[in-house]
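Summary of the model geometry
Chain by chain, the residues:
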Amino acid sequence: MSTYSPNDFLSPSFVIRREQIELLRQVEMVRAAYALFTDLRPLAPSKIPLWGAWESETYELTVVAKAFVYEAATLRQLVVDVARRYPQFARDAAEGLEAFDGAFPGLVLLRNSQAHLDERLNHSSRGRPLGARISPPHVVGLTIQATAEDGGHSSISIGPEQIEASEQLLATMFRSISGAAT
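As a starting point, this report considers the structure included with it. Only a predicted model underlies this, so the values are computations on that prediction, with no experimental measurement involved. (Residues numbered from 1 in each chain as written. Predicted model: local features only at pLDDT ≥ 70, side-chain atom pairs only at ≥ 80, totals over all residues. Heavy atoms only, no water.)

1. Quick look at helix α3 (residues 90–103)
To keep it simple, the criterion reads: Secondary structure is summarised from DSSP: a helix means a run of H or I of at least four residues, a strand means a run of E of at least two, and numbering begins at the N terminus for each. Expected helix span is computed as 1.5 Å times (number of residues minus one). Relative accessibility under 20% of the residue-type maximum defines a buried residue, over 50% an exposed one, and the middle range a partly exposed one, all with a 1.4 Å probe and only protein chains included. An arc is given here, and it is the one of the directions from the helix axis to the C-beta atoms.
With 14 residues, α3 should cover 20 Å at 1.5 Å per step; its first-to-last C-alpha distance of 20 Å lies within 8% of that length. Buried within α3 are the following residues: D92, A93, G96, L97, F100 and A103. Seen end-on, α3 carries its buried residues on one side only, within an arc spanning 125°. Opposite the buried face of α3, at more than 90 degrees from it, the exposed residues are R91, E98 and G102.

Pasting the structure below:
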């Protein structure tokens, strides 16, 4: 049970520290999904059929790749939310998000597509009709690819560059209070 009630005043430093911990935990989630992906990748067939005769390792690898996308998108949204609530971090957040988005092009569109896959396979998205060409999320090499929410093709790499971008996003986000140079 928490010792704080909603009416208690929390010092700004405590609040910011709590935000930092939550963002750090989310970076660790991205890192954990990456570690699982790299552990499973050698077990999956080298050439994965699009939807034909998948093996159990292919399903596991796809689930982990989708988790990577989800965790990275959650990290991004948490940073956006912190910057919105604490305007003093907005500039650092914008700079960090620009670099992060460069390492994760189309992340939000791919995340939204896989989160609403049921609608997409029924050729609608939030009540809007979609074209017939829908490619559900699937792993190709060291990427996860799918038709994105906007109908375009999206591909997210799953590699060390994306982990570095996630860590850098957190470092950039709080640079003004930590004095860290990026």
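2. A closer look at the sheet that holds strand β3 (residues 138–140)
Definition in use: DSSP-based pairing: two strands are paired if at least 2 bridges between them are found. Note on geometry: axes are C-alpha line fits, over the in-contact stretch for helices, and angles between N-to-C directions span 0 to 180 degrees. By definition in these notes, contact holds between two residues if any of their heavy atoms fall within 4.5 Å.
As summarised here, the arrangement of the three strands in space is β3-β4-β5, forming an open sheet in which the pairing is antiparallel. Strands with a single pairing partner mark the edges of an open sheet, and in this sheet they are β3 and β5 (153–157). Adjacent strand axes in the sheet meet at a mean angle of 30° when their direction is disregarded. Of the strands in this sheet, β4 (143–147) and β5 touch helix α4 (residues 107–115), which is tilted by about 70° from β4.

3. Here we look at the packing of aromatic side chains
Both the distance between ring centres and the angle between the ring planes are used here to describe each pair of aromatic rings. For clarity, the cut-off: For this analysis, a ring pair means two rings from Phe, Tyr or Trp (six-membered ring only for Trp) whose centres lie within 6.5 Å, classed as stacked if their planes differ by under 30 degrees, edge-to-face if by over 60, and tilted for the remaining angles.
Under the counting rule described, the total for this entry stands at four aromatic pairs. Where Y86 meets F89, the ring centres are 6.4 Å apart and the plane angle is 65°; that geometry is what we call edge-to-face. Here Y86 matches F89 in class, with each residue buried. Between F89 and F174, the ring centres sit 5.1 Å apart and the planes meet at 70°, which makes this aromatic pair edge-to-face. With F89 in the loop between α2 (56–85) and α3 and F174 in the loop between α6 (160–173) and α7 (175–178), this pair connects stretches of sequence that are 85 residues apart. This pair shows no difference in class: F89 is buried, exactly as F174 is.

4. With respect to the packing of α2 against α3
Quick note on the threshold: The labels follow the angle: roughly parallel below 35 degrees, roughly antiparallel above 145, roughly perpendicular from 65 to 115, and oblique for the rest. The hand of a helix crossing depends on one turn: near helix anticlockwise from the far one by less than a right angle means left-handed, and clockwise means right-handed. Classification used: nonpolar for Ala, Val, Leu, Ile, Met, Phe, Trp, Tyr, Cys and Pro, charged for Asp, Glu, Lys and Arg, polar for all others including Gly.
Contact geometry of α2 with α3 gives a least axis separation of 9 Å together with a crossing angle of 160°. Taken together, α2 and α3 sit at an angle that is classed as roughly antiparallel. For the crossing formed where α2 meets α3, the hand is left-handed. Here α2 contributes A72, L75, R76, V79, V80 and A83 to the contact with α3, which in turn contributes A90, A93, L97, F100 and D101. Along the lines of polarity and charge, the residues of the contact of α2 with α3 split into nine nonpolar, no polar and two charged.

So, to be careful, I would describe these as geometric facts and stop short of saying anything about function.
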